[in-house]
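Next come the chains, spelled out residue by residue.
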Amino acid sequence: MTKYNTLLLEVDKKIGILTINRPKSMNALNSELLTELEQIVEEIETNKDIDVLILTGAGEKAFVAGADIKEMAEKTAIEGQTFSKLGNTVFKIISNLRQPVIAAINGYALGGGLELALAADIRIGSENAVFGQPEVGLGIIPGFGATQRLSRAIGLAKAKELILTARHINAKEAADIGLLNQVVEAEKLIDKAKEMANHMLSNAPLAVQYAKKVIDEGYDMPLNQALTLEENTFGLLFATEDQKEGMQAFIDQRDAQFKNK
């Protein structure tokens, strides 16, 4: 695995923990970090030792406090568009990873930080987590996907409220509107993310990966087309060794021994 300046990756028992590691800058996203993030998630995609990815931020203050405003301040229109495209490209790769991605959100998740969390499949927040899209207060709009992903996560009206007011919300409100799956004590955040990851790992890996894929791809399809996608994928999995093992284990009343085949 390549060594990175702004990221840390540890792998244990099929769980990868990827940490955004710029704590002195509250893990703000700059061009270097985004470029490294693109490289590392492409490596993670093909890493057979990782079946679930946990994404978190270094330190106690922030998951990611946003994009690096000092870097953005003097950008031209073309440079701004290029920066937005870089962020969107990276976050799309994260969203499309074969592995389920759990965002373990500690502290501030603002602007690009919330957009990074939105690229994950599951979001768990600590009690001290704070969320918001402050971009309109800076004279811009969200550029890393929030204008589209936030409404898909919490509904159109609530997404407009958060983006157009630029207000911050706490973890409880984030859970109440469906932005967070769970809220936990800060010291239990990573343990809770690992617990959820292990629940996923107890199931057939191919089935988990294809379930994620069908949910994501079918979301924006017409219903009939999405149901056809489900039918085809359902049938495809009957050609796997894990389907045979899973159903035979159920019949035998024993734990399944999946092989990811």
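Computed from a predicted structure; not experimentally measured.

K.L.:
Lay out the pattern of salt bridges with the relevant residues and their values.
P.N.:
As enumerated under the stated definition, the model contains 14 salt bridges in all. E173 is paired through a salt bridge with R167; the nearest N and O atoms lie 2.6 Å apart. Note on R167: relative accessible area 28%, which makes it partly exposed. Among the charged side chains, a network of salt bridges with common partners joins K158, E161, R167 and E173.

K.L.:
Which residues make up the pairing of strand β1 (residues 7-12), and what are the values?
P.N.:
In terms of strand pairing, β1 meets strand β2 (residues 15-20) through six bridges, oriented antiparallel. Counted as the bridge partner of E10 is I17 from β2. Here β1 folds back onto β2, and the loop between the two strands holds two residues, one of which, K13, carries a positive phi near 50 degrees.

K.L.:
Can you explain the sheet that holds β1? Please cite residues and give values.
P.N.:
Spatially, β1-β2-β3-β5-β7-β10 is the arrangement adopted by the six strands of the open sheet, whose pairing is mixed. Each edge of the sheet is formed by a strand with only one pairing partner; in this case those strands are β1 and β10 (182-184). Geometrically, the sheet is characterised by an average inter-axis angle of 20 degrees between neighbouring strands, direction not taken into account. Here strand β3 (residues 52-57) runs beside strand β5 (residues 101-105); their pairing, made up of three bridges, is parallel. Following the sheet pairing, L55 is matched in β5 by A103.

K.L.:
Tell me about the pairing of β5, residues and numbers included.
P.N.:
The buried fraction of β5 amounts to five of the five residues, a majority that puts the element mostly inside the structure. By the alternation rule, side chains of β5 split into V101, A103 and I105 and I102 and A104, which are all buried.

K.L.:
Run through the packing of helix α1 (residues 31-45) against helix α3 (residues 77-95), naming residues and quoting values.
P.N.:
As a packed pair, α1 and α3 sit with axes 9 Å apart at the nearest point and diverge in direction by 25 degrees. With respect to their mutual orientation, α1 and α3 come out roughly parallel. The way α1 lies across α3 gives a crossing that is left-handed. Contacts between α1 and α3 pair S31, L34, T35, L37, E38, V41 and E42 from the former with F83, L86, G87, T89, V90, F91, I93 and I94 from the latter.

K.L.:
Kindly report on the packing of aromatic side chains, identifying the contributing residues and their values.
P.N.:
Considering all chains together, one arrives at three aromatic pairs under this definition. Taking the centre distance of 5.6 Å and the plane angle of 85 degrees together, the rings of F91 and F144 count as edge-to-face. Here F91, found in helix α3, pairs with F144, found in the loop between β8 (130-132) and α5 (146-154); they are 53 residues apart in sequence, far enough to count as distant. A relative accessible area of 4% places F144 in the buried class. Here the aromatic residues F83, F91 and F144 are joined through ring pairs into a cluster of three or more. One cation-aromatic arrangement involves K75 over F83; the distance from NZ or CZ to the ring centre is 5.0 Å.

K.L.:
Can you explain the packing of helix α9 (residues 205-219) against helix α10 (residues 223-236)? Please cite residues and give values.
P.N.:
At a closest axis distance of 9 Å, the pairing of α9 and α10 adopts a crossing angle of 165 degrees. One element, α9, and the other, α10, form an angle in the roughly antiparallel class. Note that α9 runs across α10; the crossing there is right-handed. Between α9, through Y210, V214, E217 and G218, and α10, the contact on the second element is made entirely by A226, L229, E230, T233 and L236.

K.L.:
Which residues make up the nonpolar core, and what values go with them?
P.N.:
Counting residues in each nonpolar core, the largest one holds 47 residues, and the members touching the most others are L37, F91, F131 and L179. At six residues, α1 tops the list of elements feeding residues into this core. Apart from the residues within four sequence positions on either side, F91 is in contact with L29, L34, L37, G112, E115, L116, A119, F144 and R149.

K.L.:
How would you explain the sheet that holds strand β6 (residues 108-110) if you had to name every residue and give the values?
P.N.:
Judged by pairing direction, the sheet is mixed, and its four strands sit side by side in the order β4-β6-β8-β9 without closing on themselves. The open sheet is flanked by β4 (62-64) and β9 (169-170), the only strands paired with a single partner. Bridging between β8 and β9 involves two bridges; their strand directions are antiparallel. Residue pairing in the sheet places F131 in a bridge with I169 of β9.

K.L.:
I'd like a rundown of helix α6 (residues 156-165), residues and numbers included.
P.N.:
All of the buried residues along α6 are A159, L162 and I163. For α6, the arc enclosing every buried residue in end-on projection is 95 degrees, short of the 170-degree limit, so these residues lie on one face. Those residues of α6 that are exposed and aimed more than 90 degrees away from the buried face are A157 and L164. Buried residues along α6 sit in contact with α5 and β9. Phi turns positive, to about 60 degrees, at A166, one or two residues after α6.

Rules behind the numbers
- Residues numbered from 1 in each chain as written.
- Predicted model: local features only at pLDDT ≥ 70, side-chain atom pairs only at ≥ 80, totals over all residues.
- Heavy atoms only, no water.
- Salt bridge = Lys/Arg side-chain N within 4 Å of Asp/Glu carboxyl O.
- Buried < 20%, exposed > 50% of the residue type's maximum accessible area, 1.4 Å probe, protein only.
- Pairing = 2+ DSSP bridges.
- Helix = DSSP H or I, 4+ residues; strand = E, 2+ residues; numbered from the N terminus.
- Axes fitted to C-alpha atoms, helices over the stretch in contact; angles between N-to-C directions.
- Parallel < 35°, antiparallel > 145°, perpendicular 65-115°, else oblique.
- Left-handed = near helix turned anticlockwise from the far one by under 90°.
- Contact = heavy atoms within 4.5 Å.
- Phe/Tyr/Trp six-rings, centres within 6.5 Å; stacked < 30°, edge-to-face > 60°.
- Lys NZ or Arg CZ within 6 Å of the ring centre and 35° of its normal.
- Core = buried A, V, L, I, M, F, W, Y, C linked by side-chain atoms within 4.5 Å.
- Arc of directions from axis to C-beta.

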